[in-house]
Amino acid sequence: MNKLLKIFILTGLVLLSFEVKPQQIFQFSQHMFRPALYNPAAISNDDYLCVFAAGRSQWMGFNDENNENVNPTNYLLGASMPLYSINSGVGLTLGREKIGYQTALNVRLDYSYKMEIDDKQFISGGVLLQLSQLSFDVSKLKPAFPYDPLLSETGKQRDFVPDAGIGFMYSNKDKWWAGISYLNMLGSTATLGNFEIRNKPAFIAQGSYKVNVIKQRFRKIDVAPALLVKTNLTETQTEISVSGYLNDALWLGAGYRLQDAVVLLGGIQVNSMKLGISYDFTTNQIRKATRAGSVEVHLSYCIPGSSNDSQNSNTAERPTTKNSFWNKVTERHLPHKMKMRSMFNTRHL
């Protein structure tokens, strides 16, 4: 039954990738390290209170005629934490997106509920709510006709738009996981002067499978292919990648976003802090207008467990910290024999 389920889910992910066209929603090349970027159901997979930051500058060197940067940029700052008493997780993310002369400031809330199938498998469902302030600087436009009626209103135009999303995820402990989500489900429209900007609803499918290559006393090497598919049912973008992990503390990988870019990525974990960086080599026609590709950085820190957790995993399996409040929460609600699970031990990114 488990094999049939795995084949069904992974086949569905692949089928979504048949048509390949340009990007529709925000892009992150290191999506496999924090699936919650695209799927709220993954929020409950975080075992500890985590804070994270991420930044991406896409198609660097893409400038207008005044040499002003108009390339897409995206910056995130957020936190997530488990709610053990109700088998749930919550997250808060603040974001800033900029594309050309359009800017969006986002506040996003995520919630997910996790149901265990057995000791190794669980499924989760999640929802997200987002409020965005969109602004558009009409004065920056250079019309071909000076009396274009679309430019009758000048200066910065602003509007607030709400949106929402849902997601579902299946995970088999540290082996493999797959999820699907539906973002921008309200299809909200912002009115900015005489312009209208609509959030296009999109389906997101993602998954990864971990294969152990070497497992020795002081050395463990794993390889994990990953897949990301984004589609609005008329346009689709697909990305495939493979990452190698050394002792879950150092990783290197490469990927290919069809008809868009070749991706190189890597990262390191020091204690409870993780740093990941990636660079995209643009392969489409946009490379003729830019001097460089796309760079992305992820940084995260999670409240660590006590030293007893790592020294005696059989008897001290619940996460504890030096923080008295966090100790009370985990001691009160965690079953004594509960083992914490993650996705490839890279949940912090």
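Residues numbered from 1 in each chain as written. Predicted model: local features only at pLDDT ≥ 70, side-chain atom pairs only at ≥ 80, totals over all residues. Heavy atoms only, no water.

Asker: Explain the side chain of N172 to me, please; I cannot follow it from the model alone.
Answerer: With respect to the element layout, N172 can be found in strand β6 (residues 156-172). Under the relative-accessibility criterion, N172 is labelled buried at 17%. N172 has contacts with K120 and Q121, leaving out every residue within four places of it along the chain. (Helix = DSSP H or I, 4+ residues; strand = E, 2+ residues; numbered from the N terminus. Buried < 20%, exposed > 50% of the residue type's maximum accessible area, 1.4 Å probe, protein only. Contact = heavy atoms within 4.5 Å.)

Asker: Quick question: what am I supposed to make of the state of the cysteines here?
Answerer: Any covalent bond linking the sulfur atoms of two cysteines counts as a disulfide. Within this structure, the stated rule accounts for one disulfide. Two residues share a disulfide in this structure: C50 and C302, whose sulfurs sit 2.0 Å from each other. The sign of the S-S torsion, about 110°, decides the handedness of the disulfide formed by C50 and C302: right-handed. Highlighted residues: C50 in strand β1 (residues 50-57) and C302 in strand β17 (residues 294-302), separated in sequence by 252 residues. Since its relative accessible area comes to 1%, C302 is described here as buried. (Disulfide = S-S within 2.5 Å.)

Asker: Explain the pairing of strand β3 (residues 88-99) here, please?
Answerer: Two faces, one strand: in a regular strand the side chains alternate between the faces of the sheet. For strand β2 (residues 73-83) and β3, the ladder comprises eleven bridges, and the chain directions are antiparallel. Of the residues in β3, the one forming a bridge with L77 is L94. Between β2 and β3, which pair antiparallel one after the other, the connecting turn spans four residues, and N87 there sits at a positive phi close to 55°. In this structure, β3 lies alongside strand β4 (residues 102-116), joined through twelve bridges in antiparallel fashion. Counted as the bridge partner of E97 is A104 from β4. Between β3 and β4, which follow one another and run antiparallel, lie two residues, and G100 among them has a positive phi close to 65°. (Pairing = 2+ DSSP bridges.)

Asker: What's the story with the packing of aromatic side chains in this structure? I'm lost.
Answerer: Two descriptors summarise a pair of aromatic rings, namely the distance from one centre to the other and the angle between the planes of the rings. Tallied over the entire structure, the rule returns eight aromatic pairs. Arranged with centres 4.8 Å apart and planes meeting at 5°, the rings of F26 and Y38 form a pair that is stacked. A residue pair is termed long-range when its members are at least 10 positions apart, and F26 in the loop between α1 (2-15) and β1 and Y38 in the loop between α1 and β1 qualify at twelve residues. Chaining the aromatic ring pairs together yields one cluster made of F26, F28 and Y38. It is R34 that lies over the ring of F52; its NZ or CZ is 4.0 Å from the centre. The ring centre of F122 lies 4.6 Å from the NZ or CZ of K114, which sits over that ring. (Phe/Tyr/Trp six-rings, centres within 6.5 Å; stacked < 30°, edge-to-face > 60°. Lys NZ or Arg CZ within 6 Å of the ring centre and 35° of its normal.)

Asker: Help me out: how do you make sense of the pairing of β2 in this one?
Answerer: Pairing analysis gives eight bridges linking β1 to β2, with the strands arranged antiparallel. Looking across to β2, one finds that V51 is bridged to A79.

Asker: I tried to follow the pattern of salt bridges on my own but got confused; where do I start?
Answerer: Close approach of charged atoms lets side chains of opposite charge pair. Under the defined criterion, the tally for this structure stands at nine salt bridges. Here R108 makes a salt bridge to D110, at a shortest N to O gap of 2.9 Å. Of the charged contacts, one joins K220 and D222 as a salt bridge, the two residues approaching to 2.5 Å between their closest N and O atoms. Per residue, the accessibility class of K220 equals that of D222, and both read buried. (Salt bridge = Lys/Arg side-chain N within 4 Å of Asp/Glu carboxyl O.)

Asker: Is there a simple way to think about the environment of Q121 in this case?
Answerer: For Q121, the position within the fold is in strand β5 (residues 121-137). Separated by 49 residues in sequence, Q121 and Y170 place their C-alpha atoms 7.5 Å apart. Here the side chain of Q121 touches D118 through a polar contact of 2.8 Å, side chain to side chain. (Polar contact = N/O pair within 3.5 Å; in protein donor to acceptor, adjacent residues only side chain to side chain.)

Asker: Whenever I open this one, unusual backbone geometry confuses me. Can you help?
Answerer: Glycine aside, negative phi is the norm for most residues, and most peptide bonds take the trans geometry. Phi at N87 is positive, roughly 55°, even though this residue is not glycine. Within the secondary structure, N87 is located in the loop between β2 and β3. By relative accessible area, N87 is classed as partly exposed at 40%. Its identity as a non-glycine residue notwithstanding, N271 has a phi of 55°, on the positive side.

Asker: When you look at the nonpolar core in this model, what are you seeing that I'm missing?
Answerer: Generally speaking, nonpolar side chains in soluble globular proteins are found buried as a group. Counting 13 residues, the largest nonpolar core has I25, F28, Y38, L76 and I204 as its most contacted members. Elements represented by at least two residues in this core include exactly β1 and β10 (202-209). Of all hydrophobic cores here, the second largest spans ten residues; its members include F136, A190, L192 and I197. (Core = buried A, V, L, I, M, F, W, Y, C linked by side-chain atoms within 4.5 Å.)

Asker: Sorry if this is basic, but what is going on with a positive patch on the surface here?
Answerer: Together, K120, K173, K175 and K215 give the surface a local cluster of positive charge. Mapped onto the fold, K173 is located in the loop between β6 and β7 (176-183). Residue classification places K173 among the partly exposed residues on the basis of a relative accessible area of 35%. (Patch = residues over 30% accessible without salt bridge, like charges linked within 9 Å, V, L, I, M, F, W, Y side chains within 5 Å. Areas by Shrake-Rupley, 256 points an atom, 1.4 Å probe, with all protein chains shown as cover. Lys, Arg positive; Asp, Glu negative; His and termini not counted. Charge placed at Lys NZ, Arg CZ, Asp CG, Glu CD.)

That is the geometry; function is a separate question.
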